[in-house]
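Below are the chains, spelled out letter by letter.
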Amino acid sequence: MNNLAELYRKQGKYEAAEPLYVDALAISKKLLGEEHPDVASSMNNLAALYRIQGKYEAAEPLYVDAIKILETVLGNEHPWTITVRNNYQIMLDEMS
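These numbers were taken from a predicted model, which means no experiment stands behind them.

S.K.: What's the story with the side chain of Ser28 in this structure? I'm lost.
M.R.: If you trace the backbone, Ser28 turns up in helix α2 (residues 14–32). Residues within four places of Ser28 in sequence aside, it is in contact with Gly33, Asp38, Val39 and Ser42.

S.K.: Explain the side chain of Glu6 to me, please; I cannot follow it from the model alone.
M.R.: With respect to the helices and strands, the residue Glu6 is situated in helix α1 (residues 2–10). Within polar-contact distance, the side chain of Glu6 engages the side chain of Tyr21 at 2.3 Å. When neighbours within four sequence positions are excluded, Glu6 is seen to be in contact with Tyr21 and Asn45.

S.K.: How should I be thinking about the packing of α1 against α2 in this particular structure?
M.R.: The geometry of a pair of packed helices is captured by two quantities: the angle between their axes and the separation between those axes. Look at α1 against α2: their axes get within 8 Å of each other, and the N-to-C directions meet at 155°. With respect to each other, α1 and α2 are oriented roughly antiparallel. For the element pair α1 and α2, the recorded crossing hand is left-handed. Contacts between α1 and α2 pair Asn2, Leu4, Ala5, Glu6, Tyr8 and Arg9 from the former with Tyr14, Ala16, Ala17, Leu20, Tyr21 and Ala24 from the latter. Counted by class, the contact of α1 with α2 contains nine nonpolar, one polar and two charged residues.

The rules we used
- The numbers attached to residues start from 1 for each chain and follow its sequence in the written order.
- The predicted nature of this model means local features are confined to residues of pLDDT at least 70 and side-chain atom pairs, given and counted, to a pLDDT of 80 or more, with totals for whole chains, interfaces and linings taken over all residues.
- Excluding hydrogens and water, the side-chain values take into account all heavy atoms of the structure.
- A helix here means a DSSP run of H or I that spans at least four residues, while a strand means a run of E at least two residues long, and both kinds are numbered starting from the N terminus.
- A contact between two residues is defined here by any heavy atoms of the two lying within 4.5 Å.
- Counted as a polar contact is a pair of N or O atoms within 3.5 Å, where, for protein atoms, one must be capable of donating a hydrogen and the other of accepting one, and residues adjacent in sequence contribute only when both atoms are in side chains.
- Axis definition: a line fit to C-alpha positions, over the contact stretch in the case of helices; interaxial angles, taken between N-to-C directions, run 0 to 180 degrees.
- Angle categories are assigned with fixed cut-offs, so that under 35 degrees is roughly parallel, over 145 is roughly antiparallel, 65 to 115 is roughly perpendicular, and the rest are oblique.
- Left-handed describes a crossing whose near helix is turned anticlockwise from the far helix by less than a right angle; the clockwise case is right-handed.
- In this count, Pro and Cys sit with the nonpolar residues alongside Ala, Val, Leu, Ile, Met, Phe, Trp and Tyr, while Asp, Glu, Lys and Arg are called charged and the others, Gly among them, polar.

Pasting the structure below:
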């Protein structure tokens, strides 16, 4: 589901991508729990979709929650934590 959403996002089919990202996030939370790195990955992907569309208010809490999960589970210096933190910073730069 996430991979298809990613394909749609890359094709600019944002309306088709969003429900797939939302469903992938919900399924990940249900199967893996709230504090799993894959949940953070799903949050990051949905946040990226919202960021591309300029929906910063929807993207920000997803980025923040994903970073919290990754810092707790993987640590501050893990490459994935750094990547999501950088994605969030890109959005903050776009907003200013």
